[in-house]
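Here is what each chain is made of, one letter per residue.
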Amino acid sequence: MIKVIYLLLCVLGFVLPYSQLVPFILEHGLDIKLFFEQLFANKISGFFGMDVIVSSLVLWTLVFWEGTRLKMQNLWVYIACNFLVGVSLGLPLFLLMRERQLEQQTETLGY
């Protein structure tokens with residue numbers, strides 16, 4: 001059941017952020033300067049921007065620490081998802097694959 005929830009969160013984590021990013025890119029192109037100007041346009045948007053930046057650092061730490069501990073493959077994929085979409089995709093995808101890895105390890109041990 002938890003894997004289905006993680007999968008649904010991956011879909012939401014991709015669709016919702018891109019529903020905001022795609023119109024911006026269609027209107028302004030890949031204007032990174034404007035992107036960051038708008039991201040930090042006021043205290044509230046800056047609050048959310050900083051929250052996402054710190055959450056990304058937490059995700060990277062989790063991916064490399066827990067992923068290495070569980071001997072998961074291709075840990076770079078979750079970081080790439082974080083850069084290409086955000087924590088909203090990278091985290092649930094990592095948790096989904098972590099759950100699969102834990103199940104495989106349990107099956108291998110015969111529990």
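Residues numbered from 1 in each chain as written. Predicted model: local features only at pLDDT ≥ 70, side-chain atom pairs only at ≥ 80, totals over all residues. Heavy atoms only, no water.

- Looking at an unreviewed UniProt entry, one finds the protein chain named DUF2834 domain-containing protein, with Nostoc cf. edaphicum LEGE 07299 as its source organism.

1. Regarding the overall build of the protein chain
Now for step 1: Along the protein chain, the regular secondary structure elements total five helices and zero strands.
Now for step 2: Sequence-ordered secondary structure for the protein chain, helices as α and strands as β, is α-α-α-α-α.
Now for step 3: Taken over the C-alpha trace, the protein chain has a radius of gyration of 17 Å; the compact-globule value for 111 residues is 13 Å, which it surpasses by more than 25%.
Now for step 4: In the protein chain, buried positions account for 28% of the 111 residues.
Now for step 5: Approximately 8,000 Å² of the protein chain is accessible, and the part contributed by carbon and sulfur atoms is 71%.
Now for step 6: The average position of the 7 basic charges and that of the 8 acidic charges among the side chains of the protein chain differ by 7 Å. (Helix = DSSP H or I, 4+ residues; strand = E, 2+ residues; numbered from the N terminus. Rg over C-alpha atoms; globule rule 2.2 N^0.38 Å. Buried < 20%, exposed > 50% of the residue type's maximum accessible area, 1.4 Å probe, protein only. Areas by Shrake-Rupley, 256 points an atom, 1.4 Å probe, with all protein chains shown as cover. Lys, Arg positive; Asp, Glu negative; His and termini not counted. Charge placed at Lys NZ, Arg CZ, Asp CG, Glu CD.)

2. Observations regarding the layout of surface pockets
Now for step 1: Looking at the largest pocket, its volume works out to about 1,200 Å³.
Now for step 2: If you trace the largest pocket, you find 31 residues lining it, with F35, L39, V52, V85 and G86 closest to the centre.
Now for step 3: Mapped by element, the contributors of at least two residues to the lining of the largest pocket are α1 (2-28), α2 (32-39), α3 (43-69), α4 (76-84) and α5 (87-109).
Now for step 4: For the lining of the largest pocket, the element with the most residues is α3, which contributes 10 residues.
Now for step 5: Class assignment of the residues belonging to the lining of the largest pocket gives a composition of 19 nonpolar, 10 polar and two charged. (1 Å grid on protein atoms, 1.4 Å probe; cavity = no way out; pocket = protein on both sides within 12 Å on 5 of 7 lines; lining within 4 Å. Points joined across faces, edges and corners; volume = space filled by probe spheres on them. Nonpolar A, V, L, I, M, F, W, Y, C, P; charged D, E, K, R; others polar.)

3. Details of the UniProt feature "transmembrane region" (unreviewed entry) in the protein chain
Now for step 1: In the numbering used here, UniProt assigns the feature "transmembrane region" (unreviewed entry) to residues 45-63 and 75-97.
Now for step 2: The span residues 45-63 carries 100% helix and 0% strand; its end-to-end C-alpha distance comes to 27 Å.
Now for step 3: End C-alpha atoms of residues 75-97 are separated by 10 Å, and the span's content is 87% helix alongside 0% strand. (UniProt positions renumbered as here; feature names shortened; annotations may be inferred.)

4. Let's talk about the packing of aromatic side chains
Now for step 1: The final tally for this structure, using the stated rule, is six aromatic pairs.
Now for step 2: Plain terms: the ring middles of F35 and F36 are 5.3 Å apart, the flat faces sit at 85° to each other, and that makes the pair edge-to-face.
Now for step 3: Judged by relative accessible area, F35 falls into the partly exposed class, the value being 33%.
Now for step 4: Pairwise contacts between aromatic rings join F24, F35 and F36 into one cluster. (Phe/Tyr/Trp six-rings, centres within 6.5 Å; stacked < 30°, edge-to-face > 60°.)

5. Points about unusual backbone geometry
Now for step 1: At K71, a position not held by glycine, the phi torsion is positive, near 60°.
Now for step 2: Topologically, K71 is positioned in the loop between α3 and α4.
Now for step 3: The backbone phi angle of N74 is positive, close to 55°, even though this residue is not glycine.
Now for step 4: Assessed through its relative accessible area of 47%, N74 is described here as partly exposed.

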